[in-house]
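Here are the chains, one letter per residue:
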Amino acid sequence: MVMDSTDRFDKSPLLDGGSSSQENSTEYTGDGSVCTSGHPASRKHTGNWKASSLTIVCSFCCYLAYSSIGKNLVSYLTKVLDETNLDAARHVATWQGTSYLAPLVGAFVADSYLGKYRTALISCTIFIMGMMMLLLSAALPLISAGPHAWTLWADPISSRYIIFLVGLYMVGLGYGAQSPCVTSFGADQFDDTNEMEKTRKSSFFNWHYFSINAGSLIAGTVIVWVQEHEGWLWGFTISTLFVTLGISVFFLGSIVYRFQKPGGSPLARIWQVVVAASRNFDKVLPCDSSALYEFSGQGSAIEGSRKLEHTSGLE
């Protein structure tokens, strides 16, 4: 009888209520992320691989298109647009410099004002518009030839050159600005407060790096071969289709994404750190690291951010 009563006590609703409250506490993410409707993100229905895999597909398609242009750009400028090697090298260097500086602008706008998702969509739109202009420049000789040629192109050669250069730099700006946003947005789909998802985030970066290298390999072999043997019109068409596919996949996954709110200008926060460090350099570090934070829990005083774990690595 004692054993039976104990068993009934162990299965009482009071103890079941404690376990259910624990399940409710893990139903949502602990990093402050929200779903597309602005509510706390569900750990089960949002994020994880089903969301981050879409960003990997987008990165693969975008880098394939970008790399297919960069790997054979000198050849197009010299053979098709009749530039000298010096002018072609100057244009390639300027274009690559634009592509390398654009991530700074994209990351700043994403972290400060628009968020990573919106910044990525705007940048991808600029990217695909630039690809379409490159495609138009390759198709312009066909449009301006024949008895039914468009009267719009008074000088097809100079028009083709201008359209190509505008499209080329739009591609550099668009790809460069979206690159840090899509990558970090994919990493945001994993909750750092959950050890299992934290481990998956490391795998995400491995797969992301593999995807862009696979895109580079395909661009340097298949797409370049198409450009040289089948024509630049076909090469730009394939690249444009890949960009369209990648952006479409990225956009269609909106309902399963986790979003981090933009936290304001990072430059202001950097100066706040410098001022706080100069004021408190002579103070003794507390034994309890939780005393270093302004608020308890996972939330941060900065909207859209979460607390950084205290370490003694640079002590």
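Residues numbered from 1 in each chain as written. Predicted model: local features only at pLDDT ≥ 70, side-chain atom pairs only at ≥ 80, totals over all residues. Heavy atoms only, no water.

**Re the packing of helix α3 (residues 48–70) against helix α6 (residues 116–143)**
Next, step 1: The N-to-C vectors of α3 and α6 enclose an angle of 40 degrees; their axes lie 12 Å apart at closest approach. Taken together, the axes of α3 and α6 lie oblique to each other. You can see that α3 and α6 cross each other, and the crossing is left-handed. Residues Cys 62, Ala 65, Tyr 66 and Ile 69 of α3 form the contact with α6, whose participating residues are Phe 127, Met 131 and Leu 134.
Next, step 2: Broken down by class, the residue content of the contact of α3 with α6 amounts to seven nonpolar, no polar and no charged. (Axes fitted to C-alpha atoms, helices over the stretch in contact; angles between N-to-C directions. Helix = DSSP H or I, 4+ residues; strand = E, 2+ residues; numbered from the N terminus. Parallel < 35°, antiparallel > 145°, perpendicular 65-115°, else oblique. Left-handed = near helix turned anticlockwise from the far one by under 90°. Contact = heavy atoms within 4.5 Å. Nonpolar A, V, L, I, M, F, W, Y, C, P; charged D, E, K, R; others polar.)

**Observations concerning the environment of Gly 264**
Next, step 1: In this fold, Gly 264 is placed in the loop between α9 (232–252) and α10 (266–279).
Next, step 2: Taking relative accessible area as the criterion, Gly 264 reaches 23% and is therefore assigned partly exposed.
Next, step 3: Linking Gly 264 and Val 109, residues 155 residues apart in sequence, is a C-alpha distance of 9.3 Å.
Next, step 4: The contact partners of Gly 264, leaving out residues within four places of it in the chain, are Asp 111, Ser 112 and Arg 269. (Buried < 20%, exposed > 50% of the residue type's maximum accessible area, 1.4 Å probe, protein only.)

**Some details on the packing of helix α5 (residues 85–114) against α6**
Next, step 1: Where α5 meets α6, the closest approach of the two axes is 8 Å, and the angle between their N-to-C directions is 135 degrees. Taken as axis vectors, α5 and α6 run oblique relative to one another. The handedness of the crossing between α5 and α6 is right-handed. Of the residues in α6, those in contact with Gly 106, Val 109, Ala 110, Asp 111 and Leu 114 of α5 are Lys 116, Arg 118, Thr 119 and Ile 122.
Next, step 2: Partitioned by chemical class, the residues of the contact of α5 with α6 number four nonpolar, two polar and three charged.

**Considering the pattern of salt bridges**
Next, step 1: Per the stated rule, a full pass over the model turns up seven salt bridges.
Next, step 2: One salt bridge in this structure joins Asp 87 and Arg 90, with 2.9 Å as the shortest N-O distance. Of this pair, Asp 87 and Arg 90 both sit in helix α5, three residues apart, which is roughly one turn of the helix.
Next, step 3: On the basis of relative accessible area, Asp 87 is assigned to the partly exposed category, the value being 24%. (Salt bridge = Lys/Arg side-chain N within 4 Å of Asp/Glu carboxyl O.)

**Points about the nonpolar core**
Next, step 1: Counting 40 residues, the largest nonpolar core has Ile 69, Phe 127 and Phe 164 as its most contacted members.
Next, step 2: Among the elements of the structure, α3, α4 (73–79), α5, α6, α7 (156–187) and α9 are those that each provide at least two residues to this core.
Next, step 3: Those residues in contact with Phe 127 that sit more than four places away from it in its chain are Cys 62, Ala 65, Tyr 66, Met 170, Val 171, Gly 174, Tyr 175 and Val 243. (Core = buried A, V, L, I, M, F, W, Y, C linked by side-chain atoms within 4.5 Å.)

**Remarks on the UniProt feature "transmembrane region" (unreviewed entry) in the protein**
Next, step 1: Mapped onto this numbering, the UniProt entry gives "transmembrane region" (unreviewed entry) at residues 120–142, 162–186, 207–226 and 232–257.
Next, step 2: Span residues 120–142 is 100% helix and 0% strand, its end C-alpha atoms 34 Å apart.
Next, step 3: Secondary structure within residues 232–257 divides into 81% helix and 0% strand; the distance between the first and last C-alpha atoms comes to 37 Å. (UniProt positions renumbered as here; feature names shortened; annotations may be inferred.)

**With respect to unusual backbone geometry**
Next, step 1: A positive phi is found at Asn 48, a non-glycine position, where the angle reads about 65 degrees.
Next, step 2: Structurally, the position occupied by Asn 48 is in helix α3.
Next, step 3: Of note in the backbone geometry, Asp 82 takes a positive phi value of approximately 60 degrees without being a glycine.
Next, step 4: With respect to the helices, strands and loops of the structure, Asp 82 is situated in the loop between α4 and α5.

**With respect to α9**
Next, step 1: Here α9 is 21 residues long and its end C-alpha atoms lie 30 Å apart, about the 30 Å a rise of 1.5 Å per residue gives.
Next, step 2: Among the residues of α9, Trp 232, Gly 235, Phe 236, Ser 239, Thr 240, Val 243, Gly 246, Ile 247 and Phe 250 are the ones counted as buried. The buried residues of α9 occupy an angular sector of 125 degrees when projected down its axis, which confines them to one face. Of the exposed residues in α9, those oriented more than 90 degrees away from the buried face are Trp 234, Leu 241 and Leu 252. (Expected span 1.5 Å × (residues − 1). Arc of directions from axis to C-beta.)

**Structural notes on the packing of aromatic side chains**
Next, step 1: Inspection of every chain in the model, using the stated rule, returns 24 aromatic pairs.
Next, step 2: Between the aromatic rings of Phe 190 and Phe 204, the centroid separation amounts to 6.1 Å while the plane-to-plane angle is 50 degrees, which identifies the pairing as tilted. One end of the pair, Phe 190, is in the loop between α7 and α8 (195–229); the other, Phe 204, is in helix α8, and 14 residues separate them in sequence. (Phe/Tyr/Trp six-rings, centres within 6.5 Å; stacked < 30°, edge-to-face > 60°.)

**Some remarks on the confidence of the model for the protein**
Next, step 1: With 84% of its residues at a pLDDT of at least 70, the protein reaches an overall mean of 83.
Next, step 2: When the criterion is pLDDT under 50, residues 1–24 qualifies, and its contacts beyond four places in sequence or with other chains add up to three contacts. (pLDDT = per-residue confidence, 0-100.)

**Details of the side chain of Ser 52**
Next, step 1: With respect to the secondary-structure elements, Ser 52 resides in helix α3.
Next, step 2: Once residues lying within four places of it in the same chain are set aside, the contact partners of Ser 52 are Gly 186, Gln 189, Phe 190 and Phe 204.

**Some thoughts on the side chain of Ser 67**
Next, step 1: Positionally, Ser 67 belongs in helix α3.
Next, step 2: Excluding its chain neighbours within four sequence positions, the residues that come into contact with Ser 67 are Ser 216 and Ala 219.

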